[in-house]
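# Summary of structural features
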Amino acid sequence: MSASLQAAHADTLLRLHYVYVALTSLWLYDYILCIPDAVRFIVGSRRGLGTFLYLTCGHLPFAFVSLNMLLVFQPDAPLHLCHSYDMANIYVGLLTMFCAECIFILRAYAVWERERWIGVFAIISIIAYLVPIIVCMQEFDSSVIGECRILSPFGSLDTKTSSQVYVVYCLLVVAELQILLFLLYRAVKGHGSWGINNRLIRGLLQHNLLYCGCSFGFSLSVVLTTIFLPFPVARMVAESQVVVQTILVTRMHRDFWRSDRASCGICTDISLTTWMAATPDII
């Protein structure tokens, strides 16, 4: 490798490291800033599956960003150790995104008043999306053995490996769109028009629209950067997606909980607790 290429390699690697450090700082800043709200939510909320998923989304990023920092601050780590950190980081990120999606699935399930066929359909959909994603991740893992992508800023993927990335992010967007449409259909059907008077249902729809739009933007960016730029850039965008969407979903969950508490004492049909008496322990 020539001296100029080595200098360019080192400069690009340093810039990537800046981004990972900034991403870790962003998540830690948000976590510390939201500790009072998080404590109030944990103390005052019902103990249910939604709370468990919230806690998982709120704390799994500790492992996610820690694995990134291990890679950044141990550039001379053995290749097998680097690869282990790399793949552990990918699977922790996948688990974090899965828990975030499950929060929105539970919301849609609650809005449908826990109808059995919706629950069965949701389980089938989760399996239908999760199985090909895991298969693609396994194939991706086997295709990059012997390389450490985060420490190779000029690396690129072959056509087969790139197609696995496309499949994963396309499935993610389709899954989120499906959740949004199910919630939207039930909200419109329950109120007979697009003029939804229930403030909490409007809030749920706004949350889903924002989350789905954010996911679509990030997923499209991952696909485009995989096509036109070195893969470590796409990897950086993908990891930014995990951190940003985790921050979004935890903030949205606490905001929804506060809105529901504020509505419970009002004698109108705007409290989710009143509107869905059959769903006390879901969200």
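Since the model is a prediction, treat every value here as computed from it, not as a measurement.

### Here's the deal with the overall build of the protein chain
For the protein chain, the count of helices and strands is 9 helices and 0 strands. Secondary structure elements of the protein chain occur, N-terminal to C-terminal, as α-α-α-α-α-α-α-α-α. Looking at the protein chain as a whole, 49% of its 283 residues qualify as buried. As displayed, the protein chain offers around 13800 Å² of accessible surface, 70% of which is attributable to carbon and sulfur atoms.

### Considerations on the pattern of salt bridges
A side chain with one charge can pair with a side chain of the opposite charge if their charged atoms come near. A full pass over the atoms with the stated rule returns 6 salt bridges. The partner of Arg258 in a salt bridge is Asp37, and the shortest N-O contact between them spans 3.9 Å. Here Arg258, found in helix α8 (residues 231-263), pairs with Asp37, found in helix α2 (residues 35-44); they are 221 residues apart in sequence, far enough to count as distant. Note on Arg258: relative accessible area 38%, which makes it partly exposed. Note on Asp37: relative accessible area 26%, which makes it partly exposed. Note that Asp86 and Arg235 form a salt bridge whose closest N and O atoms lie 2.4 Å from each other.

### Quick notes on the packing of helix α4 (residues 79-111) against helix α7 (residues 199-228)
Contact pair α4 / α7: the axes reach a minimum separation of 12 Å and the direction vectors enclose 150°. Relative to α7, the element α4 lies roughly antiparallel. α4 and α7 meet at a crossing whose hand is left-handed. On α7, the residues touching Met97, Ala100, Glu101, Phe104, Arg107 and Val111 of α4 are Ile201, Leu204, His207, Asn208 and Tyr211. Taken together, the residues that form the contact of α4 with α7 break down as 7 nonpolar, 2 polar and 2 charged.

### So, the environment of Arg202
Among the structural elements, Arg202 can be located in helix α7. On the basis of relative accessibility, which here comes to 33%, the residue Arg202 falls in the partly exposed class. Sequence-wise, Arg202 and Leu184 are 18 residues apart; in three dimensions their C-alpha atoms are separated by 9.5 Å.

### With respect to a nonpolar patch on the surface
A cluster of nonpolar side chains, Leu28, Ile32, Ile35, Val39, Val43 and Phe62, forms an exposed patch at the surface whose accessible area comes to about 520 Å². For the nonpolar patch, the secondary structure elements donating two or more residues are α1 (3-33) and α2. Tracing the sequence through the fold places Val39 in helix α2.

### Quick notes on the packing of aromatic side chains
In total, this model carries 10 aromatic pairs according to the counting rule given. Where Phe41 meets Tyr54, the ring centres are 4.6 Å apart and the plane angle is 65°; that geometry is what we call edge-to-face. Placement of Phe41 in helix α2 and of Tyr54 in helix α3 (residues 49-73) is noted, with a sequence separation of 13 residues between them. Both residues of the pair, Phe41 and Tyr54, count as buried. An aromatic cluster is defined as three or more aromatic residues linked by ring pairs; in this entry it consists of Trp112, Trp117, Phe121, Phe182 and Tyr185.

### Section: the nonpolar core
Residues Tyr169, Tyr211, Val243 and Val249 are the most contacted members of the largest nonpolar core, which totals 49 residues. Every element with two or more residues in this core is listed here: α1, α3, α4, α5 (116-143), α6 (159-191), α7 and α8. Ranked by the residues each element gives to this core, the list is headed by α4, at 13 residues. Non-local contacts of Val249, meaning those with residues more than four positions away in its chain, are made with Cys57, Ala100, Ile103, Phe104 and Tyr211. With 8 residues, the next largest nonpolar core counts Val111, Ala187, Ile201 and Phe256 among its residues.

### Details of the side chain of Ser219
As for its position among the elements, Ser219 is in helix α7. Residue classification places Ser219 among the buried positions, given a relative accessible area of 3%. Apart from the residues lying within four places of it in its own chain, the contact partners of Ser219 are Tyr169, Leu172, Val173 and Gln241.

### Some points on the confidence of the model for the protein chain
Here the protein chain averages 78 in pLDDT, and 77% of its residues register 70 or above. Across the protein chain, α2 holds the top mean pLDDT of 89, while helix α9 (residues 272-275) sits lowest at 40. Counted against residues more than four places away or in other chains, residues 265-283, with its pLDDT under 50, gives 46 contacts.

Thresholds applied
Residues numbered from 1 in each chain as written. Predicted model: local features only at pLDDT ≥ 70, side-chain atom pairs only at ≥ 80, totals over all residues. Heavy atoms only, no water. Helix = DSSP H or I, 4+ residues; strand = E, 2+ residues; numbered from the N terminus. Buried < 20%, exposed > 50% of the residue type's maximum accessible area, 1.4 Å probe, protein only. Areas by Shrake-Rupley, 256 points an atom, 1.4 Å probe, with all protein chains shown as cover. Salt bridge = Lys/Arg side-chain N within 4 Å of Asp/Glu carboxyl O. Axes fitted to C-alpha atoms, helices over the stretch in contact; angles between N-to-C directions. Parallel < 35°, antiparallel > 145°, perpendicular 65-115°, else oblique. Left-handed = near helix turned anticlockwise from the far one by under 90°. Contact = heavy atoms within 4.5 Å. Nonpolar A, V, L, I, M, F, W, Y, C, P; charged D, E, K, R; others polar. Patch = residues over 30% accessible without salt bridge, like charges linked within 9 Å, V, L, I, M, F, W, Y side chains within 5 Å. Phe/Tyr/Trp six-rings, centres within 6.5 Å; stacked < 30°, edge-to-face > 60°. Core = buried A, V, L, I, M, F, W, Y, C linked by side-chain atoms within 4.5 Å. pLDDT = per-residue confidence, 0-100.

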